[in-house]
Amino acid sequence: MKTLIVANWKCNPTTLSEAKRIFDLVKKGVDKIENKKKVEVVVCPPFVYLSSFKFQVSSFKLGAQDVFWENPPAGGGAFTGEISAKMLKNLGCGYVIIGHSERRKYFKETDETINKKLKAALENGLKAILCIDKKSQIKNALKGIAKKQFKNLILAYEPVFAIGTGKPCSIEKARKMNFLIRKAVKINIKILYGGSVNSQNAADFIKKAKFHGLLVGGASLKPKEFVKIVKTM
Ligand code: PEP
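Since the model is a prediction, treat every value here as computed from it, not as a measurement. (Residues numbered from 1 in each chain as written. Predicted model: local features only at pLDDT ≥ 70, side-chain atom pairs only at ≥ 80, totals over all residues. Heavy atoms only, no water.)

**Quick notes on the overall build of the protein chain**
Right, on to step 1. The helix and strand inventory of the protein chain stands at nine helices and eight strands.
Right, on to step 2. For the protein chain, the spread of C-alpha atoms along the principal axes amounts to about 45 × 40 × 30 Å.
Right, on to step 3. Per-residue burial over the protein chain gives 51% buried out of 233 residues.
Right, on to step 4. Summing over all exposed atoms, the protein chain offers an accessible surface of approximately 11600 Å²; the carbon and sulfur share of this is 55%.
Right, on to step 5. The protein chain carries 44 positive and 18 negative side-chain charges, and their two centres are separated by 5 Å. (Helix = DSSP H or I, 4+ residues; strand = E, 2+ residues; numbered from the N terminus. Buried < 20%, exposed > 50% of the residue type's maximum accessible area, 1.4 Å probe, protein only. Areas by Shrake-Rupley, 256 points an atom, 1.4 Å probe, with all protein chains shown as cover. Lys, Arg positive; Asp, Glu negative; His and termini not counted. Charge placed at Lys NZ, Arg CZ, Asp CG, Glu CD.)

Structural data, given as structure tokens:
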């Protein structure tokens, strides 16, 4: 299984030129890494920058930070402001983050809407990264999703207290949660850790807490730091 490192840029940066600068530096840094066959890097910029990066990805994949749940035959429709899974797929996205705690908190996303988004993503061939803070969020989010689609499903354990705070979860607690989540899903899928990851603690979440990868927020906007994280894998 490849180690998966996902960069979540959140609502940053404010200009396309800055987005291109970060992207180019990350690309250069990742391209230079030798022995990167065992790592898959995914960059998730805001929707508006995705098309600028479509033809530039080589050593890593593009992802989105959210997706709309409706999935009409043509992948479009009368849903002002929304972005469908088909649109993301056609833009070259391979991944999508779903149910991030910031979306649950500020946009009142529920297990029900998250479940619909997961289905739309998986039905359109996107790999879905479901973010959870508690084990209890798994069951409803995965309701009605066929086991055969689990191969494109990734879970990210993101304790809310660790997101953007600079206070990561302890390795011991994270390891325990990893084990409990694995037991709850009963199937061999990738589980990532996210929450104040940096180049100092990244390796411990993989080697000691046994996660299959990392979801990186703040540190992914600092190209040098992000490339360092990838290198430690
Ligand atoms: C995130 O937003 O998914 C995240 C993990 O953020 P940070 O790394 O900044 O804590």
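Anyway, onward from the coordinates.
**Looking at the nonpolar core**
Right, on to step 1. Ranked by size, the top nonpolar core spans 62 residues in total, and within it Leu 118, Leu 130, Leu 142, Tyr 193 and Leu 214 carry the most contacts.
Right, on to step 2. Among the elements that take part in this core, helix α1 (residues 16-32) stands out by supplying five residues, more than any other.
Right, on to step 3. For Leu 118, the residues in contact, after removing those within four places along its chain, are Ile 98, Ala 128, Leu 130, Ala 141, Leu 142, Ile 145 and Leu 153.
Right, on to step 4. Residues Tyr 95, Ile 129, Cys 131 and Ala 156 belong to the second largest nonpolar core, which totals 12 residues. (Core = buried A, V, L, I, M, F, W, Y, C linked by side-chain atoms within 4.5 Å. Contact = heavy atoms within 4.5 Å.)

**Some words on unusual backbone geometry**
Right, on to step 1. Cis geometry is adopted by the peptide bond preceding Pro 13, which originates at Asn 12 and carries an omega value of -10°.
Right, on to step 2. Unlike most non-glycine residues, Lys 10 shows phi in positive territory, near 50°.
Right, on to step 3. With a phi close to 55°, Lys 108 is a non-glycine residue in the positive phi region.
Right, on to step 4. Looking at the element boundaries, Lys 108 is found in the loop between α4 (101-106) and α5 (111-123).
Right, on to step 5. What makes Lys 108 exposed here is its relative accessible area of 62%.

**Regarding the site of the ligand**
Right, on to step 1. In the neighbourhood of the ligand, 14 residues make up the surrounding shell, with Lys 10, His 100, Gly 164, Ser 196 and Gly 218 lying closest.
Right, on to step 2. One of the backbone N or O atoms of Gly 164 is found 2.7 Å from an oxygen atom in the ligand.
Right, on to step 3. At 2.8 Å from an oxygen atom of the ligand is found a main-chain nitrogen or oxygen belonging to Ser 196.
Right, on to step 4. For the ligand, the accessible surface in isolation is 290 Å², of which the surrounding protein chains cover 96%.
Right, on to step 5. Residue composition of the shell around the ligand, by class: four nonpolar, eight polar and two charged. (Near = heavy atom within 4 Å. Polar contact = N/O pair within 3.5 Å; in protein donor to acceptor, adjacent residues only side chain to side chain. Nonpolar A, V, L, I, M, F, W, Y, C, P; charged D, E, K, R; others polar.)

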